[in-house]
Amino acid sequence: MDFKLTPEQEALKKEFEDFFEVEMKHEPEDWVWGLEGLFSDAGWPFNVYMAKRLAEKGWLVRPWPEEYGGCNAPMIEQLIFGDVLGYYCAPGVDPLGVGMIGPTILAVGTEEQKKEHLPPIAKAERFWCQGWSEPNAGSDLASLTTKAVKDGDDWILNGQKCWNTGAHRADWCFTIARTNPEERRSKGLTYFILDMKSPGVSVVPIESMDGSKHFNEIYFDDVRVPSRNVIGEVNGGWAITQATMNYERSSVGIMSGASRGLNELVQYCKETSLRGKPLSQNPHVRHRLAQLAIDIEVGRTLSYRVGWLQEKEDIMAAAAAACGAKVYSTELWQRVAFTGIEIMGLYGTVAKGSKWAVLKGQFEDLAQSTPGYKLGGGTSEIMRSIVAWVGLGLPRIK
Amino acid sequence: MDLGFSEEQEMLRKTARDFLETECPTSLVKEMAEDEQGYTSELWGKMAELGWMGLALPEEHDGMGMSFLDLAVLLEEMGRACLPGPFFSTVVLGGLTILEAGNEEQKKEFLPKIAAGEAILTMALTEPSASYDPASITVKAVPDKDDYVISGTKLFVENAHIADYLICVTRTKDGAGKGEDGITLFLVDGKSPGITTTLLKTIAGDKQCEITFDNVRVPQKNMLGERDKGWPVVAKILQKATVAKCAEMIGGAQAALDMSVAYAKERIQFGRPIGSFQAIQHHCANMVTDVDGSRFITYQAAWKVSEGLPAVMEVSMAKAWVSEAYRRVTQLGHQIHGGIGFCMDHDMPLYFKRAKAAEPTFGSADWHREIVARELGL
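Per chain, residues are indexed from 1 in the order of the written sequence. Think of it this way: whatever chain is written first is A, whatever ligand is written first is 1, and the rest follow in order. Predicted model: local features are reported for residues with pLDDT of at least 70 only, side-chain atom pairs are reported and counted for 80 or more only, and whole-chain, interface and lining totals are derived from all residues. Working from all heavy atoms in the structure, the side-chain values ignore hydrogens and water.

Moving on to helix H10 (residues 348-358) of chain B. Residues and elements named next belong to chain B. A large share of H10 lies buried, amounting to eight of its 11 residues. Within the span of H10, buried status applies to Met348, Pro349, Leu350, Tyr351, Arg354, Ala355, Ala357 and Ala358. Looking at the buried residues of H10, the elements they touch are helix H2 (26-34), helix H4 (68-81), helix H7 (231-266) and helix H9 (312-337). Remark: exposure states derive from per-residue accessible area (1.4 Å probe, protein chains only) relative to the maximum for the residue type, with buried under 20%, exposed over 50%, and partly exposed in between. Helix and strand labels come from DSSP, where a helix needs a run of H or I of at least four residues and a strand needs a run of E of at least two; each type is numbered from the N terminus. In what follows, residue pairs with any heavy atoms lying within 4.5 Å of each other are defined as contacts.

Below is the structure:
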């Protein structure tokens, strides 16, 4: 057992930190990290700027093979990168392109698909969205009803998707549709990728409770998708969605983002007095902040363990650990947000933009966005069930 | 970075697991909780043959020369087995303290005895104030010719009733305030005239004692470390003991989890295993996070301590977290087991009781949160 980084890894970490230290100075005024920050009118240009800068450095897809723009970086280096990226609350890494479809194509795509789709992701020339959930197929994704019917060499897609983060900005979409109506549930589904400019694709924004509009609905109305855009086998899409879900689930960035938030909160409590006494001397405040620091440190070890298990190719253990880390990190993040606004009292409720907002109103913002993080990408309840099924071998009701 | 055990550690873990499963069944644990001695010389002797008492002691003192991290691996298994007896007090509180502060003569005299299982030790640190703060040390040691004379009461001293030697933490400076200055350690023969030991009845039957020192004479040569400068030694040992306790606790938490998952798979209600119900599955998933979280925060602290790196923050983070996690795990374990787990005959109560006993030992979660707050600069 050894918890230290090698001198090379320390140097790499420093290089990442120096980069973000400089680049984050381009942050727009009143910009707050989060899904809204990535996709809003104010945030999107900054997101694209950072993506291009990261691509220039060759850092967007470091774990990928060299021929597709990466450098075969080991998992531990990716964890360090995610750690630093999260700490600086930096945008630029497309969670869907870099995080999900890229690794999926790398794993199961054809040579042609790799050549066509991986380089634009590595160069930050093409952004992606995910088209999985539907109004009546959320946690129970296998009950989806979007259909794809073969027509010559193409497939014709019809249906409605929802909760599509950043679909209004995306160039391409990866989606799943029923291709064999005779089969039930997870059988007879096919994994497609498609150009969002295809005729018949329309995107309608969904306004979230915090006023942001990063979620969307996508409607497919006779959308024609060529056969070469099927990922994997026809009717074999389900297994690929399951694999896709397991990429990039170490949650390390959330832990380090939470750590950044805590540091700012600690500083605030040192500098702010309530009834003539610094908040930092209030025993209740001290203990709440200490507990968050402890929780974050536990979370960091849990995240690094996911990466370590992935590196060892202990796939099932890694999947279960990743689900556990996802629940833990998103719930912890919410505790950080809530603790922040509770310590700030009335000031905690003031949104960014006001002269009365504390710490740019980021805790008010975070408090409203964290409920979404506990739902997106698998609810806490589904994640816990996966830990029980996959990690502990508890029986599953079919 | 490597979050796995080395081959040697894995071997140690496996040997310990197999040995304790055979030699330390829960029936023995329960028997020993009621027994006044609290251990059997048979099991103690077998552990000594395996070299466990000397595992983390240097080879020159008949130890195995392994690291503190290795000791943590062994302690995790002991926690899993709820091993009764004076291993922790002898090795962690006794042996490591002598190794830290003893002079050559003392090391030569005591460490081989400890390694051979021929001496039982403990540390008489806490007093009726029940605090791990230097200010709480009031038991006095007064010089008198070639001896020191110790008077006062120590409380919550594990295994004092069977200890051959007590490392007594005393105050040797009059009017020196109540801080770290003026604290001195003595190696006291457990059978010295003037020592009275009373066994307390506690939640886990873990042999906590009250000791009264009534003008107990200790030869000056039994002073451990420098006069008046004993607290830094105590602080160092407390750090190790705290991590060591966490290691024991994760062993217990893992056992409670394993037992609960196994029961959830076999217990049938409403025509199916209760482990197929989401409520039970989610309890189990929460237990996994608590156990895994405990394990890595503890081993991170153990690694730092083992490497001699500063670890104040990490140790306190570990104890604050593990204290509450072990409690949560045993509570959920009880929920999963239902009524059967509430019975004295069942093994679940062993873990619940030990979790509750371990919570305040070497500082509660609140105590350690305060240290973390200080370390955060608050």
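Now for the state of the cysteines. The term disulfide is used for any two cysteine sulfur atoms that are within 2.5 Å. Evaluated as defined, the whole model comprises zero disulfides over all chains. Left without a disulfide partner, A:Cys173 is nearest to the cysteine sulfur of A:Cys129, which lies 3.9 Å away. Under the relative-accessibility criterion, A:Cys173 is labelled buried at 0%. For B:Cys168, which is in no disulfide, the shortest distance to another cysteine sulfur is to B:Cys209 and amounts to 14 Å. Judged by relative accessible area, which is 0%, B:Cys168 ranks as buried.

Okay, the interface of chain A and chain B next. At the junction of the two partners, chain A supplies 38 residues and chain B supplies 43 residues. Accessible-area loss on putting two parts together, using a 1.4 Å probe and summing over both, is the definition of buried area adopted here. Across the chain A/chain B interface, buried area totals approximately 4,100 Å², and carbon plus sulfur atoms make up 69% of it. Salt bridges are counted wherever a side-chain nitrogen of Lys or Arg sits within 4 Å of a carboxyl oxygen of Asp or Glu. Run the count over chain A and chain B and you get two salt bridges. Its salt-bridge partner being B:Asp292, residue A:Arg305 comes within 3.0 Å of it at the nearest N-O pair. Contacts described as polar in this section are N or O atom pairs within 3.5 Å, which, within protein, must combine one atom able to donate a hydrogen with one able to accept it, while residues neighboring in sequence count only if both atoms come from side chains. In this structure, the connection of chain A to chain B is made through 16 residue pairs in polar contact (both at pLDDT 80 or more). Within the residue set of the side of chain A that touches chain B, elements represented by two or more residues are helix H8 (252-271), helix H9 (283-311), helix H10 (315-344) and helix H12 (380-391) of chain A. For the side of chain A that touches chain B, the element with the most residues is H9(A), which contributes 15 residues. Any residue outside Ala, Val, Leu, Ile, Met, Phe, Trp, Tyr, Cys, Pro, Asp, Glu, Lys and Arg is labelled polar, Gly included; the first ten of those are nonpolar and the last four are charged. Classifying every residue of the side of chain A that touches chain B by side-chain character gives 22 nonpolar, seven polar and nine charged.

Another point: the packing of H9(A) against helix H11 (residues 365-375) of chain B. All axes here are fitted lines through C-alpha atoms, helices being fitted over the stretch that makes contact, and every angle between N-to-C directions spans 0 to 180 degrees. Between H9(A) and H11(B), the shortest axis-to-axis distance is 8 Å and the interhelical angle comes to 85°. It follows that H9(A) is roughly perpendicular to H11(B) by the angle criterion. Residues A:Arg286, A:His287, A:Ala290, A:Gln291, A:Ala293 and A:Ile294 of H9(A) pack against B:Asp366, B:Arg369, B:Glu370, B:Val372, B:Ala373 and B:Arg374 of H11(B). Here the contact of H9(A) with H11(B) is composed, by residue class, of five nonpolar, two polar and five charged. Should an angle lie under 35 degrees it is considered roughly parallel, over 145 roughly antiparallel, and from 65 to 115 roughly perpendicular; all remaining angles are considered oblique.

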